Amino acid sequence: MPSIEERILKITNYSPGPLQLPSTNSVKPACMRYISTTTTSVADPTADPAIIPGIIPNHIPHTRPAPTVHRIASSVIISRSPMLTRDLGAFEASYYFYQRRLNDRLQLPFTRWFYFKKGTLADEEWKRKQAAAEKYNAYGPRQWADELLVGDNKHMSEDNGYQYLVDTTVTGEEETLSTAIARVEAAKEAEAKGEAFEHPTEIISKPFPRVTKAGLENDTKSLDREMSRTLYLLVKTKNKRDHWRFPQSFLVENENLREGAERTLRDAAGVNMHTWFVGNVPIGHRVHDTNTENVGRKVFFMKARILAGQADLTDNSLGLSDFQWLTKQEIEKVVGKVYFGFVEHMLVAR
Amino acid sequence: MAVKAKGKKGKQDKGDLRVRLIRYSLYHPLTPRPLRFGTMRMLRHWTIHRAWQIHKRNSRKERELELERQYNKIRAACEELRRTDPRLFRIAIAKKGVGAPPIELRIPTDTPPKNGWNHSWKRA
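Being a predicted model, the structure only gives us computed values, none of them experimental. (Residues numbered from 1 in each chain as written. Chains lettered and ligands numbered in written order. Predicted model: local features only at pLDDT ≥ 70, side-chain atom pairs only at ≥ 80, totals over all residues. Heavy atoms only, no water.)

Time to look at the overall build of chain B. Tallying secondary structure elements over chain B gives three helices and zero strands in all. Written out in order from the N terminus, the α and β elements of chain B read α-α-α. (Helix = DSSP H or I, 4+ residues; strand = E, 2+ residues; numbered from the N terminus.)

Written as structure tokens, this is what we have:
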């Protein structure tokens, strides 16, 4: 499959010299980090081992001379994958409720006498709890009224219907008045003595709210925020103009991209992060042609996940001053248009 | 289901009481009836159904496009790497050290874990 540049070359009939694949090039020293992209004076490939013949220029036509040399940098996009299932939109929530009501109409009614023997305590408890519950009856006289009326938000409960289940489920383990009084007395006594009183554990443990404290406070350093979305680690550099970027550094010695990304993450955010690198392949790149001394820069982005731990910037060797865990939408506001244009399609919306 | 006559006339073996109860509850007199909709209700139902199909298609397309864009990004990056440094490209393409995802990866749940994210994890 020819690259875009090769196709453009074919169309425009622009010939920068004999086109050769890198595998057929002359042997290059392994330590060579500086790669030439020049297209002129490649008559004799053996003259300079740093110059590879047949490398195609980045832009055709050139608006300014491209740098002859590029340094390679590795950047790490580390994300916390969603901890919670997707938040339902208003349409989705009401659609699922509509389907549930239709399902109620198609189900067999609950056969009480099959599950509760007449006259037992459980039977009494069931009758009491069902009478108290406000409930749609798919087999009653108003069985046709299964749809929500406009403005009715009864199906959108904060606790996902937990309280309703507690109110209507027969547990057989109800606290009688005497045991409740005894427990309160014991708690008061313990308090008077200054001892810690251990309350009995609940029969059904209550689920935790989907919006956490960090989410309410919008603490962008916390990983407990935006739990149904993907969060990405961004760091703030301390150079002339402060800007937020993904952690990034140049490759050293014989490193490959993944090793470079792992080292970058260690240098930037410390070792106390349990991480997993998804693969060895870069998920995106950025070419900087405008640089001093004719030296360009090519940044390759590597993908990683955080499984536990937290970033810690104390004594980092990359000169970073701050970090944030942000969603894609928040990144757009923070990093600026140009940088976001390069990274936008590497990130997931959810 | 059929009750089998056995032995003397008038005496029938009805089988186990529990089995009979389960059978009776399955063949409840109020067995599900077909949903009968009036014209307007049917129209509403059709509209809701169509809206849901469109919503599903839109979200599916959006996701497919997102994946396609991610793939194109990877492809362009690999192409650039191949033209820049063949050695790095070779290492990136080789699947050395790429294995199954770790078991610590959490499957999304409806409610958060008790203690939230483990911020205090330390490398041993």
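There's more to say after this.
With that settled, the discussion passes to the overall build of chain A. Helix and strand counts for chain A come out as 10 helices and nine strands. In chain A, buried positions account for 41% of the 350 residues. Long-range pairs, those at least 24 residues apart, make up 71% of the contacts in chain A between residues at least 6 apart in sequence. For chain A, the exposed surface amounts to about 20600 Å²; the carbon and sulfur share of it is 55%. (Buried < 20%, exposed > 50% of the residue type's maximum accessible area, 1.4 Å probe, protein only. Contact = heavy atoms within 4.5 Å. Areas by Shrake-Rupley, 256 points an atom, 1.4 Å probe, with all protein chains shown as cover.)

Of all hydrophobic cores here, the largest spans 31 residues; its most connected members are I78, L233, L257, M273 and W325 of chain A. For this core, the elements supplying multiple residues, two or more each, are β2 (69-80), β3 (231-237), α8 (257-269), β6 (273-277), β8 (295-309) and β9 (320-326) of chain A together with α3 (86-93) of chain B. (Core = buried A, V, L, I, M, F, W, Y, C linked by side-chain atoms within 4.5 Å.)

Right, let's get into a positive patch on the surface. Residues and elements named next belong to chain B. Among the surface-exposed residues, R50, K56, R57, R60 and K61 lie close enough to one another that they form a single positively charged patch. By the secondary structure assignment, R57 is in helix α2 (residues 39-84). A relative accessible area of 40% means that R57 is categorised as partly exposed. (Patch = residues over 30% accessible without salt bridge, like charges linked within 9 Å, V, L, I, M, F, W, Y side chains within 5 Å. Salt bridge = Lys/Arg side-chain N within 4 Å of Asp/Glu carboxyl O. Lys, Arg positive; Asp, Glu negative; His and termini not counted. Charge placed at Lys NZ, Arg CZ, Asp CG, Glu CD.)

Let us now look at the interface of chain A and chain B. Counting residues at the interface gives 80 residues for chain A and 69 residues for chain B. The junction of chain A with chain B conceals about 6800 Å² of combined surface from both sides, 62% of it contributed by carbon and sulfur atoms. By the criterion of area lost to chain B, the three top residues of chain A are M83, F208 and H345 of chain A, representing 9% of everything that side buries. At the boundary of chain A with chain B, the tally comes to four salt bridges. Of the charged contacts in the structure, one is a salt bridge between K298 of chain A and E80 of chain B, with a shortest N-O distance of 2.7 Å. The set of elements that each furnish at least two residues to the side of chain A that touches chain B consists of α1 (4-12), β2, α2 (90-106), α3 (112-115), α8, β6, β7 (284-288) and β8 of chain A. If one sorts the elements of the side of chain A that touches chain B by residue count, α2 of chain A sits on top with eight residues. (Buried area = accessible area lost by both parts, 1.4 Å probe.)

Once that is clear, we can look at unusual backbone geometry. All names here are of chain A. Of note in the backbone geometry, N218 takes a positive phi value of approximately 55° without being a glycine. Take N218: it is sitting in the loop between α7 (213-217) and β3. Of note in the backbone geometry, D315 takes a positive phi value of approximately 60° without being a glycine. Tracing the chain through its elements places D315 in the loop between β8 and β9.

Axis separation between α2 of chain A and α2 of chain B bottoms out at 11 Å; the angle between their running directions is 130°. Taken together, the axis directions place α2 of chain A and α2 of chain B in an arrangement best described as oblique. Relative to α2 of chain B, α2 of chain A is oriented so that their crossing is left-handed. Across from F91, E92, Y95, Y96, Y98, L102 and R105 of chain A in α2 of chain A, the residues of α2 of chain B making contact are R41, H45, I48, A51, W52 and H55 of chain B. The residue makeup of the contact of α2 of chain A with α2 of chain B, split by class, is eight nonpolar, two polar and three charged. (Axes fitted to C-alpha atoms, helices over the stretch in contact; angles between N-to-C directions. Parallel < 35°, antiparallel > 145°, perpendicular 65-115°, else oblique. Left-handed = near helix turned anticlockwise from the far one by under 90°. Nonpolar A, V, L, I, M, F, W, Y, C, P; charged D, E, K, R; others polar.)

All names here are of chain A. With the rule as written, the count across this model stands at 14 aromatic pairs over all chains. Centroid distance F110 to W126: 5.4 Å. Interplanar angle 25°. Geometry classified as stacked. Placement of F110 in the loop between α2 and α3 and of W126 in helix α4 (residues 121-132) is noted, with a sequence separation of 16 residues between them. Since its relative accessible area comes to 45%, F110 is described here as partly exposed. (Phe/Tyr/Trp six-rings, centres within 6.5 Å; stacked < 30°, edge-to-face > 60°.)

This paragraph deals with the confidence of the model for chain B. Note: predicted coordinates in regions of low pLDDT should not be interpreted at a detailed level. All names here are of chain B. Per-residue pLDDT for chain B averages 87, and the proportion of residues at 70 or more is 87%. Element-level pLDDT for chain B is lowest in helix α1 (residues 17-26), with a mean of 82, against a maximum mean of 96 in α2. The complex model carries a pTM of 0.75, and its ipTM stands at 0.81. (pLDDT = per-residue confidence, 0-100.)

Time to look at a nonpolar patch on the surface. The grouping of W113 of chain A together with L17, L21 and Y24 of chain B at the surface amounts to a nonpolar patch, some 400 Å² of accessible area in total. A per-element tally of the nonpolar patch places α1 of chain B first, with three residues. With respect to the secondary-structure elements, W113 of chain A resides in helix α3.

Residues and elements named next belong to chain A. Mapped onto the elements, S249 comes out in strand β5 (residues 248-250). Of note is the side chain of S249, whose polar atom sits 3.3 Å from the side chain of R263. Side-chain polar atoms of S249 contact the side chain of T264, separated by 2.9 Å. Non-local contacts of S249, meaning those with residues more than four positions away in its chain, are made with A73, S74, R263, T264 and L318. (Polar contact = N/O pair within 3.5 Å; in protein donor to acceptor, adjacent residues only side chain to side chain.)

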